[in-house]
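Chain by chain, the residues run as shown.
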Number of protein chains: 4
Amino acid sequence: MHTLHDVAAREFGSDNYSGVHPEIMTAIVAANEGHVPGYGDDPYTEHLAEVVTTHFGEGARAFPVFNGTGANVIALQTLLPRWGSVITAETAHINVDEGGAPEQRGIKIHTVPAPDGKLTPELIDLQAWGWDDEHRSQPLAVSITQSTELGTLYTPDEVRAIADHVHGLGMRLHMDGSRIANAAAALDVPLRAFTRDAGVDVLSLGGTKNGALAAEAVVVFDDADAKVLPYIRKGSMQLASKMRFVSAQLIALYGDDLWLRNARHANAMAARLRAGIEHGLADGAIRGVAFTQPTQANGVFATLPEGVADRLRTRFRFYDWDATIGEVRWLCTFDTTEDDVDAFLAAIAEETTRA
Amino acid sequence: MHTLHDVAAREFGSDNYSGVHPEIMTAIVAANEGHVPGYGDDPYTEHLAEVVTTHFGEGARAFPVFNGTGANVIALQTLLPRWGSVITAETAHINVDEGGAPEQRGIKIHTVPAPDGKLTPELIDLQAWGWDDEHRSQPLAVSITQSTELGTLYTPDEVRAIADHVHGLGMRLHMDGSRIANAAAALDVPLRAFTRDAGVDVLSLGGTKNGALAAEAVVVFDDADAKVLPYIRKGSMQLASKMRFVSAQLIALYGDDLWLRNARHANAMAARLRAGIEHGLADGAIRGVAFTQPTQANGVFATLPEGVADRLRTRFRFYDWDATIGEVRWLCTFDTTEDDVDAFLAAIAEETTRA
Amino acid sequence: MHTLHDVAAREFGSDNYSGVHPEIMTAIVAANEGHVPGYGDDPYTEHLAEVVTTHFGEGARAFPVFNGTGANVIALQTLLPRWGSVITAETAHINVDEGGAPEQRGIKIHTVPAPDGKLTPELIDLQAWGWDDEHRSQPLAVSITQSTELGTLYTPDEVRAIADHVHGLGMRLHMDGSRIANAAAALDVPLRAFTRDAGVDVLSLGGTKNGALAAEAVVVFDDADAKVLPYIRKGSMQLASKMRFVSAQLIALYGDDLWLRNARHANAMAARLRAGIEHGLADGAIRGVAFTQPTQANGVFATLPEGVADRLRTRFRFYDWDATIGEVRWLCTFDTTEDDVDAFLAAIAEETTRA
Amino acid sequence: MHTLHDVAAREFGSDNYSGVHPEIMTAIVAANEGHVPGYGDDPYTEHLAEVVTTHFGEGARAFPVFNGTGANVIALQTLLPRWGSVITAETAHINVDEGGAPEQRGIKIHTVPAPDGKLTPELIDLQAWGWDDEHRSQPLAVSITQSTELGTLYTPDEVRAIADHVHGLGMRLHMDGSRIANAAAALDVPLRAFTRDAGVDVLSLGGTKNGALAAEAVVVFDDADAKVLPYIRKGSMQLASKMRFVSAQLIALYGDDLWLRNARHANAMAARLRAGIEHGLADGAIRGVAFTQPTQANGVFATLPEGVADRLRTRFRFYDWDATIGEVRWLCTFDTTEDDVDAFLAAIAEETTRA
């Protein structure tokens, strides 16, 4: 038998490495009562439908799925006909981290460089052309990530500007919201302010990175999308037989303010980490660390002096982001503690000031 | 708020409508301790690897996934090149119940009629031809289901005969084992007796229908398959980020004898139901029920006098199987009680003997 | 250097084994004048558009492609969303002879047995169900073949009955018309009588089997279909760069009555072959031949006494159709001569009456 | 009836806009003799097999297809398993001009910027990583184009360096040779010098752009590739029923030196065009034209003063290449005449020196 306990208690590696928030686990356990029909015809999923409308308004429909790849690839299939392709940032998860799953469903991805992870109408225009040309895979959707893979945010106005531009060109807009709660918490606006109200057509609503076990949802606002989504979800192998347990997680998260509490906490821990480094740099306790992105949500991106990353990693788990420039990514989650951050700050100080 | 409790406590509809076995739920809760790496690089998944070898021997490798559709479609992709197709029974889940997911990965399914749900070398030969003919999608795999969709069983010898035949023709053999535990319990043999030892190449190892929340695995015995499977799983959107919770379910189920206890119980309840009906038919308490399949695992298939099914369904949930002949399917699960069965028998007696 | 001339001058193997009708070859040569834009923006393709409307009426649009597989698979993609499947006869070319190309575009094929190759509303109903069930790949189109793979025909009324049924169920109708000319010639009606006027939504219009070099077209009658077809055709690798030469073939065939002359001739040769055999059977010159299908177009299907097929094949090329029952297929083409038929009849007489 | 003759006799738009070389048309007509089996089992295709070995050596196998998209996408499928992706230049035809056909077969394309259209080991390395990471679509092939979309060339040594690098990383190498003849003519080396001998694994052998009607081939050098290619070709809808006519075109082109004569001529015309412009720029007869690429094959790439391109296009057909910088592409073909070039030079002089 393995000792399952000797795992790094302290890490800044991934918001997927934390476990399940206790309130969500309680909800899973509570949902385990009696028989209910499978595949979503159950009272939990029915309840989730109401929860989703409290956030996104009447007509919003949520389709629970297992994971973020599933949510994104189902969303793209919902937005695109067989001949359609999607424009996104080079750094987007759908481009770099889905193992080619979108393409394995026939979807070409047109990328544009986006140094801070954010698209703009101007960047979109680099690929938004050629609709009268059958030689070009037809760009019929744009996908943005909120908060981005680089820890940055779109304001509601920025999303609206993108949506208007995208719609004006006859395309539709997807938002990968695997970290949507961090964005809403940072922006201090309701979820719908930068999604439905800002023109997003299909949303990947995150759960797992914010404390769920395995629960995301594709949220649509249009009846036509809602009608076809069940078939796309099933064909994409993302229909849960015991769906009540997926829905129960999302209810626990979004049914009251747990999503917001968790996200605020994660963001606050990232802010604490950044502030601690800035302070250390100012007073000399920390040396040679440079930030590569603003810290707007739960991630801190920085470059470190040579050798520091490897030494730090013997004590805390985290990932290189762009190894060619020595850039690392530190993520905070709902269960990162102030002690974790402070211990990490101390380690950074130690490792950057070694003789 | 919905009242989540007024659901049919008694039903024979689907083994997916039961909840999660308490021991499995306990294991899920226990796995929620601290941070561990995601995507399978965790001690639970490592432990599962050992558990799997206790059942299937050295070299067996399990890849946890979310659901049965995922397990089956990943298995087929592992067995088949781009130009390969699979032979299976008309009634097979991969043909009738996956929403076209195999075809959406490019896999053609050649079907043969199999009145009891079981393939034989002779039935396979109806489609096993044309390997030198590029006009024919190349049948390079055969898929069998154990226990079958019709509640019947393959003996180890029958699987071996099929495997030898399939391999002799240069094809490979997949087993859809979403109800594999029911088969092993009924046959009273180890899992490997009718899988690896009988020549199965890739196995969909079931969990959800036998008490898990959402946990299946693709099990392979060949290093080459194990090497490519991670990429197929990811591209098929079935890689769990917090995989420890999937693995923990499978450990709870297969780490001791829970899989067997659950399956034995479900099978025993189906046998009780069948025996009760047979007894009722003999003594006149039940009238007009005819069995359409032997009851070898956890399912009873029968035809009912006109109107009986609809009246029964106001009291117990179950499905038509072949509505054109009035055939119904009754499934028992790990949590079906003797009281459930007896109450159902009483209802059948009532409804079939009404004036 | 090979001697290219020692090929069987006389054969009944396939309508693809003949060459190119001289008038079509002349048209190809004539089209080789100067530079014209590629990909269909040329005067030949423009002219073809007019030719097609003379047959199918205003609003009919033809999209030239290279071959029948291409035409069929593009047609199905035009009719079906990502989650759609098609119902067809077990014997349909799209099921047995496309090497899995439809499935490789994600399209599941639901088959029904059709002993004479023809679907009926009743046969369609065997698979036309389950639209509210996400577990079932959604049957949203039906495909019929005219004339069928078994040399039989649908009357315009039969097509209309199917179309009404299909449309009434919310599905759409495809016709594989790789031998459409043979059907029109046999029925003695215009092409549109059993296509557009009978409710066909998308047509694969044949050319190659009726004397073209390599030319088929997907014909649609609906603006929405016409709008998306170019993108589907390109993504399906069927957009000809020098399209004028494909269009020129179709103009030569359908611009006057060559399509009809060729088809009438082929049909007449099949009728001559059948009549000759019937006569021989009556007067004892031929023994033991039995017909398995009516001869309504250019094919004769028959069973032969043991050994006869193999002996005949040393002198004339033709194929087994269903080897398990000794069934063979004899096809006549635009360039089959009366001498060819009479020589074949003599050989059949010889080989079936040997001591 | 359209007047088919009022088409621009003079143009520099595309090597697909020319017609068919007379020798090839003669070969097509000559192949139209009697019946031969379809699908490649004919003496022409057999002869082509010999022709191909004279160029590429024993063991080289050619599979005729209809067009370049077909050749490329079949080649990529031959090189890649389901989970594989391909690295290529941003400007590659497979990335920008196939309408997403590779992705519609499940193939992700990783692009790198290549200002002159040429990959290098260093450029490849920008995407050649992540083979142990299931989150990354696995780059298992590299595709280069010879001559490139920008009219530039790889030397045999450059191809060899790429092949060694690619193979050293466990990947395989595809060459898109739709303009391979122009490359061989310019390099003055045999076709195999920069293909098989330089380490290319699978070649798209061009025909159509060099005077054929519609004929390309996928050429492989490995028995394992040759074994599976027929099935991939069929499933990709690129199997010609009357294949003799495709093979006859390739025999006419590659059976003697027509491929080379045509390509040399096209290259010479491009050189004449460039030299004429350079001369004009030197003596002031032409103003403001700047070359953006070397002219190594049959294409000239240049930027023009504002307004010139549009005025020129009223007299000669050609395309913008990068409209954002005013770049145009002028292509010469086997039938471009010295008069065409000189007339164009005169027009350029006129339009660039207008008051």
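Here the structure is a predicted model, which is why all the values come from computation and not from measurement. Counting restarts for each chain, with residues numbered from 1 along the sequence as it is written. As a convention, the first chain written is A and the first ligand written is 1, with the rest following in written order. Where local features are concerned, this predicted model is filtered to residues with pLDDT of at least 70; where side-chain atom pairs are given and counted, the filter is 80 or more; whole-chain, interface and lining totals use all residues. Hydrogens and waters are ignored; side-chain quantities use all the structure's heavy atoms.

1. A closer look at the interface of chain A and chain B
Moving on, step 1. In this complex, chain A contributes 58 residues to the contact, which on the side of chain B involves 58 residues.
Moving on, step 2. Buried area: the accessible area, evaluated with a 1.4 Å probe, that two parts lose upon being put together, summed over both parts. Contact between chain A and chain B buries roughly 5,200 Å² in total, counting both sides, with carbon and sulfur atoms accounting for 57%.
Moving on, step 3. Salt bridges are defined by distance alone: a side-chain nitrogen of Lys or Arg within 4 Å of a carboxyl oxygen of Asp or Glu. On inspection of chain A and its partner chain B, the count reaches two salt bridges.
Moving on, step 4. When the shortest N-O distance is used, the salt bridge between Lys234 of chain A and Glu98 of chain B registers 3.9 Å.
Moving on, step 5. Distance and chemistry together define a polar contact, namely a pair of N or O atoms within 3.5 Å, with one atom able to donate a hydrogen and the other to accept it when in protein, and with adjacent residues in sequence counting only for side-chain atoms on both sides. At the boundary of chain A and chain B, one finds 34 residue pairs in polar contact (both at pLDDT 80 or more).
Moving on, step 6. A run of H or I in DSSP counts as a helix once it spans at least four residues, and a run of E counts as a strand once it spans at least two, with each numbered from the N terminus. At the level of secondary structure, the elements contributing two or more residues to the side of chain A that touches chain B comprise α1 (22-30), α2 (43-56), α3 (68-79), α5 (101-104), α9 (223-235) and α10 (244-254) of chain A. By the convention used here, residues are in contact when the closest approach between their heavy atoms is within 4.5 Å.

2. Section: the confidence of the model for chain A
All names here are of chain A.
Moving on, step 1. Summary of the metric used: pLDDT quantifies the predictor's per-residue confidence within the range 0 to 100. Here chain A averages 95 in pLDDT, while 97% of its residues score no lower than 70.
Moving on, step 2. In the predicted structure, residues 1-9 sits below a pLDDT of 50 and forms 13 contacts with residues beyond four places in sequence or in another chain.
Moving on, step 3. The ipTM, which scores confidence in the relative placement of chains, is 0.95 for this predicted complex, and the corresponding pTM is 0.96.

3. Some thoughts on the relation of the copies chain B and chain D
Moving on, step 1. Alignment of copies: least-squares fit on C-alpha atoms of residues with pLDDT of at least 70 in both copies. When chain B is fitted to chain D, the residual RMSD is 0.0 Å, and the transformation amounts to a turn of 180 degrees plus an axial shift of 0.0 Å. One copy is carried onto the other by what is essentially a two-fold rotation axis.
Moving on, step 2. A share of 100% of interface residues in chain B that are also interface residues in chain D marks the association as one of identical surfaces.

4. As for the nonpolar core
Moving on, step 1. The term nonpolar core refers to a set of buried residues drawn from Ala, Val, Leu, Ile, Met, Phe, Trp, Tyr and Cys, joined through side-chain atoms within 4.5 Å. For each residue, the accessible area found with a 1.4 Å probe, counting protein chains only, is set against the maximum for its type, and the residue is called buried under 20%, exposed over 50%, and partly exposed in between. In this structure, Leu119 and Val219 of chain C together with Val219 of chain D are the most contacted members of the largest nonpolar core, which totals 131 residues.
Moving on, step 2. Dropping the residues within four chain positions of it, Leu119 of chain C is found in contact with Ile87, Thr88, Ala89, Val112, Ile124, Val142, Ser143, Ile144, Tyr154 and Ile162 of chain C.
Moving on, step 3. If you look at the next biggest cluster of nonpolar residues, it comprises 130 residues, including Ala214 of chain A together with Ala62, Ile144 and Ala248 of chain B.

5. Focus on the pairing of strand β6 (residues 202-205) of chain D
Regular strands place side chains that alternate from one sheet face to the opposite one.
All names here are of chain D.
Moving on, step 1. Neither face of β6 is exposed, since Val202 and Ser204 on one face and Leu203 and Leu205 on the opposite face are all buried.
Moving on, step 2. Here, strands pair whenever DSSP counts at least two bridges between them. For strand β5 (residues 172-177) and β6, the ladder comprises four bridges, and the chain directions are parallel. Residue pairing for β6: Asp176 is matched across the bridge by Ser204.
Moving on, step 3. Regarding the hand of the β-α-β motif, the stretch spanning β5, helix α8 (residues 180-187) and β6 is right-handed.
Moving on, step 4. As judged from the four bridges shared by β6 and strand β7 (residues 216-220), these two strands associate in the antiparallel manner. Among the inter-strand pairings, Leu203 is bridged to a residue of β7, identified as Val219. If you view a crossover with the strands going away from you and the path from the first strand over the helix to the second runs clockwise, you call it right-handed.

6. Here we look at the packing of aromatic side chains
Aromatic rings in a pair are described by how distant their centres are and how their planes are angled relative to each other.
Moving on, step 1. Classification of ring pairs uses Phe, Tyr and Trp, with its six-membered ring standing for Trp, and accepts pairs whose centres are within 6.5 Å; under 30 degrees between planes counts as stacked, over 60 as edge-to-face, and the remaining range as tilted. Taken as a whole and judged by the stated rule, the model has 42 aromatic pairs over all chains.
Moving on, step 2. Seen in terms of ring centroids, Phe12 of chain B and Phe316 of chain B are 6.1 Å apart; in terms of plane orientation they differ by 40 degrees. Their pairing is tilted. Remark: Phe316 of chain B occurs in the loop between α12 (308-313) and β10 (319-322) and Phe12 of chain B occurs in the segment before α1 (22-30); sequence separation between them is 304 residues.
Moving on, step 3. Owing to a relative accessible area of 6%, Phe316 of chain B belongs among the buried residues under this scheme.
Moving on, step 4. Measuring from centroid to centroid gives 6.1 Å for Tyr17 of chain B and Tyr319 of chain B, while their planes differ by 70 degrees, and the two rings are edge-to-face. With Tyr17 of chain B in the segment before α1 and Tyr319 of chain B in strand β10, this residue pair connects regions lying 302 residues apart in the sequence.
Moving on, step 5. According to the relative accessible area criterion, Tyr17 of chain B is buried, its value standing at 4%.
Moving on, step 6. In textbook terms, an aromatic cluster arises when at least three aromatic residues are bridged by ring pairs, as seen for Phe12, Phe316, Phe318, Trp330 and Phe344 of chain A.
Moving on, step 7. Across from the ring centre of Tyr154 of chain D, 5.6 Å away, lies the NZ or CZ of Lys118 of chain D, which sits over that ring. Charge-over-ring contacts are defined here by two conditions on Lys NZ or Arg CZ: a distance within 6 Å of the ring centre and an angle within 35 degrees of the ring normal.

7. Considerations on empty space enclosed by the protein
Moving on, step 1. Both site types are read off a 1 Å grid over the protein atoms alone. A 1.4 Å probe that fits but cannot get out defines a cavity, while an open set with protein on both sides within 12 Å along at least five of seven lines defines a pocket; lining residues have an atom within 4 Å of a point. Grid points are joined across faces, edges and corners, and a volume is the space filled by probe spheres set on the points. For the structure shown, the criterion picks out 17 cavities of 30 Å³ or more.
Moving on, step 2. Estimates place the volume of the largest cavity at around 470 Å³.
Moving on, step 3. Taken together, 23 residues form the lining of the largest cavity, with Gln104 of chain A, Gln104 and Gly106 of chain B, Gln104 of chain C together with Gln104 of chain D sitting closest to its centre.
Moving on, step 4. The set of elements that each furnish at least two residues to the lining of the largest cavity consists of α5 of chain A, α5 (101-104) of chain B together with α5 (101-104) of chain D.

8. Considering the interface of chain B and chain D
Moving on, step 1. Chain B puts 21 residues into the contact, and the matching count from chain D is 21 residues.
Moving on, step 2. Together chain B and chain D conceal approximately 1,800 Å² of surface at their shared face, both sides included; 58% is due to carbon and sulfur atoms.
Moving on, step 3. Contact with chain D buries surface across chain B, with Arg82, Glu134 and Tyr231 of chain B losing the most and accounting together for 46% of the total.
Moving on, step 4. Joining chain B to chain D, the criterion identifies two salt bridges.
Moving on, step 5. Scanning the region where chain B abuts chain D turns up eight residue pairs in polar contact (both at pLDDT 80 or more).
Moving on, step 6. With six residues, the single largest contributor to the side of chain B that touches chain D is helix α9 (residues 223-235) of chain B.
Moving on, step 7. Amino acids outside the nonpolar list (Ala, Val, Leu, Ile, Met, Phe, Trp, Tyr, Cys, Pro) and the charged list (Asp, Glu, Lys, Arg) are all regarded as polar, and Gly is one of them. Tallied by class, residues from the side of chain B that touches chain D come to 11 nonpolar, three polar and seven charged.

9. Some points on the relation of the copies chain A and chain B
Moving on, step 1. With an RMSD of 0.0 Å, the operation that places chain A on chain B is a rotation of 180 degrees combined with a shift of 0.0 Å along the axis.
Moving on, step 2. Both copies share a contact surface, since 100% of the interface residues of chain A are interface residues in chain B too.

10. Here's the deal with the domain arrangement of chain A
When the parts come together, some accessible area is lost, and that loss is often what is quoted as the size of the interface.
Residue and element names in this part refer to chain A.
Moving on, step 1. Start and end positions for the domains come from either an automated domain assignment or a database one. What the domain assignment lists for chain A is domain 1 (4-16 + 259-352) and domain 2 (35-256).
Moving on, step 2. Of note, the centres of domain 1 and domain 2, computed from C-alpha atoms alone, are 28 Å apart.
Moving on, step 3. Of the roughly 1,800 Å² buried between domain 1 and domain 2 on both sides combined, carbon and sulfur atoms contribute 51%.
Moving on, step 4. For the pair domain 1 and domain 2, the number of links is three salt bridges.
Moving on, step 5. A salt bridge links Arg261 to Asp256; its shortest N-O distance comes to 3.6 Å.
Moving on, step 6. Across the domain 1-domain 2 interface, the total number found is 10 residue pairs in polar contact (both at pLDDT 80 or more).
Moving on, step 7. For the side of domain 1 that touches domain 2, the secondary-structure elements that each account for two or more residues are α11 (258-283) and β11 (327-331).

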